[in-house]
Amino acid sequence: MRKPDEESFRAFAGKHAAGLRRCAYLFCGDWHLAEDLTQQALIKIYRAWGKVQKQDSLQNYSRRVLLNTWLDEKRRPWRRSELRYESVPDTADVSADPEAAQNRSWAKDMTHRALLELPPRQRAALVLRYFDDLSVAETSAVLGCSEGTVKSQTARGLATLREVVENLTAGRPARRVVS
């Protein structure tokens with residue numbers, strides 16, 4: 001690779017790696033796997049950098065590569081039998097109200113656990129639309145499908161997410177309301 005191309009790739013990777021890693025985490029639910037997926041996606045982008053950097057939306061292309069990398073990883077048979085129960089501990093915000101922090105932490109955990117229950121394409125549509133704040137057109141470009149498919153996957157994903165959250169909260173004891 002030529003020196004200017006390598007420098008432009010380094011600038012791109014430095015600027016977008018953290019966002020790709022966050023997106024990968026929302027896809028897979030494991031920070032270690034998210035790091036691996038991000039690295040694999042960046043390697044794939046690096047190999048095609050001469051052709052890739054001429055595209056209009058390099059961010060959408062990188063998200064597409066990341067999504068395909070994650071879906072390929074899910075298809076690997078040895079991954080199917082592996083169960084993950086470990087979670088990365090959150091750091092406490094000492095300036096926040098403990099009750100409010102507990103409620104935010106509970107909602108964040110509940111959302112993440114519910115997301116992990118969704119099928120991969122629905123989860124990808126929801127993550128790209130609502131966590132990465134992409135439009136329907138941008139999401140369809142990343143997923144490589146029509147805008148109608150994005151809309152239907154999003155609608156089905158939200159319905160499934162509601163159902164999963166209801167099932168998860170049904171077993172939770174009633175929360176104390178402080179007035």
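Every value quoted in this text rests on a predicted model; they were computed, and no experiment measured them.

## Notes on the overall build of the protein chain
At step 1: A count of helical and extended segments in the protein chain gives 9 helices and 0 strands.
At step 2: What you see in the protein chain, going N to C, is helices and strands ordered as α-α-α-α-α-α-α-α-α.
At step 3: Sorting the 179 residues of the protein chain into buried and exposed places 35% on the buried side.
At step 4: Restricting the contact set of the protein chain to residue pairs at least 6 apart, pairs at least 24 apart contribute 67%.
At step 5: Of the roughly 11400 Å² that the protein chain leaves accessible, carbon and sulfur atoms contribute 51%.

## Some thoughts on helix α2 (residues 31–47)
At step 1: The end-to-end C-alpha separation of α2 is 24 Å, in line with the 24 Å expected for 17 residues at 1.5 Å each.
At step 2: All of the buried residues along α2 are L33, A34, L37, T38, A41, L42 and I45.
At step 3: Structurally, the start of α2 carries an N-cap: the backbone nitrogen of H32 is 3.1 Å from a side-chain oxygen of D30.

## Here's the deal with the packing of aromatic side chains
At step 1: A full pass over the atoms with the stated rule returns 5 aromatic pairs.
At step 2: With centroids separated by 5.5 Å and ring planes inclined at 40°, the aromatic side chains of F12 and W49 adopt a geometry described as tilted. One end of the pair, F12, is in helix α1 (residues 3–28); the other, W49, is in helix α3 (residues 49–52), and 37 residues separate them in sequence. Of the two residues, F12 and W49, both sit in the buried class.
At step 3: Seen in terms of ring centroids, F27 and W70 are 5.1 Å apart; in terms of plane orientation they differ by 15°. Their pairing is stacked. Highlighted residues: F27 in helix α1 and W70 in helix α4 (residues 58–75), separated in sequence by 43 residues. The pair formed by F27 and W70 is uniform in burial state, with each residue classed as buried.

## Concerning the pattern of salt bridges
At step 1: Under the definition given, this model contains 7 salt bridges.
At step 2: Of the charged contacts in the structure, one is a salt bridge between E35 and R21, with a shortest N-O distance of 2.7 Å. Of this pair, E35 sits in helix α2 while R21 sits in helix α1, placing them 14 residues apart in sequence.
At step 3: Residue classification places E35 among the partly exposed positions, given a relative accessible area of 31%.

## Some points on the confidence of the model for the protein chain
Close reading of the predicted structure is inappropriate where its pLDDT is low.
At step 1: Of all residues in the protein chain, 78% attain a pLDDT of 70 or more, and the chain-wide mean is 81.
At step 2: Counting interchain partners and residues more than four positions distant, the pLDDT-below-50 stretch residues 173–179 has 4 contacts.

## Quick word on helix α7 (residues 120–131)
At step 1: Across its 12 residues, α7 extends 15 Å between first and last C-alpha, which sits within 8% of the 16 Å expected from 1.5 Å per residue.
At step 2: Looking one or two residues beyond α7, the residue adopting positive phi is D133, at roughly 55°.

## Some remarks on the state of the cysteines
At step 1: Tallied over the full model, the rule gives 0 disulfides.
At step 2: Here C23 stays free of any disulfide, with the sulfur of C28 as its closest cysteine sulfur at 9.9 Å.

## Focus: the packing of α1 against α4
At step 1: In contact at an axis separation of 10 Å, α1 and α4 are set at 40° when each is read in the N-to-C sense. Comparing the axis directions of α1 and α4 gives the class oblique. In this structure, α1 meets α4 at a crossing whose hand is right-handed. Across the interface between the two elements, F12, H16, L20, C23, A24, F27 and C28 from α1 touch L58, Q59, S62, R63, L66, L67 and W70 from α4.
At step 2: Counted by class, the contact of α1 with α4 contains 10 nonpolar, 3 polar and 1 charged residues.

## Section: unusual backbone geometry
A negative phi holds for most residues other than glycine; trans holds for most peptide bonds.
At step 1: The backbone of D133 shows a phi angle near 55°, a positive value even though the residue is not glycine.
At step 2: Looking at where D133 falls in the secondary structure, it is placed in the loop between α7 and α8 (136–143).
At step 3: Using a relative accessible area of 65% as the deciding quantity, one classes D133 as exposed.

What counts as what
- Residues numbered from 1 in each chain as written.
- Predicted model: local features only at pLDDT ≥ 70, side-chain atom pairs only at ≥ 80, totals over all residues.
- Heavy atoms only, no water.
- Helix = DSSP H or I, 4+ residues; strand = E, 2+ residues; numbered from the N terminus.
- Buried < 20%, exposed > 50% of the residue type's maximum accessible area, 1.4 Å probe, protein only.
- Contact = heavy atoms within 4.5 Å.
- Areas by Shrake-Rupley, 256 points an atom, 1.4 Å probe, with all protein chains shown as cover.
- Expected span 1.5 Å × (residues − 1).
- Polar contact = N/O pair within 3.5 Å; in protein donor to acceptor, adjacent residues only side chain to side chain.
- Phe/Tyr/Trp six-rings, centres within 6.5 Å; stacked < 30°, edge-to-face > 60°.
- Salt bridge = Lys/Arg side-chain N within 4 Å of Asp/Glu carboxyl O.
- pLDDT = per-residue confidence, 0-100.
- Disulfide = S-S within 2.5 Å.
- Axes fitted to C-alpha atoms, helices over the stretch in contact; angles between N-to-C directions.
- Parallel < 35°, antiparallel > 145°, perpendicular 65-115°, else oblique.
- Left-handed = near helix turned anticlockwise from the far one by under 90°.
- Nonpolar A, V, L, I, M, F, W, Y, C, P; charged D, E, K, R; others polar.

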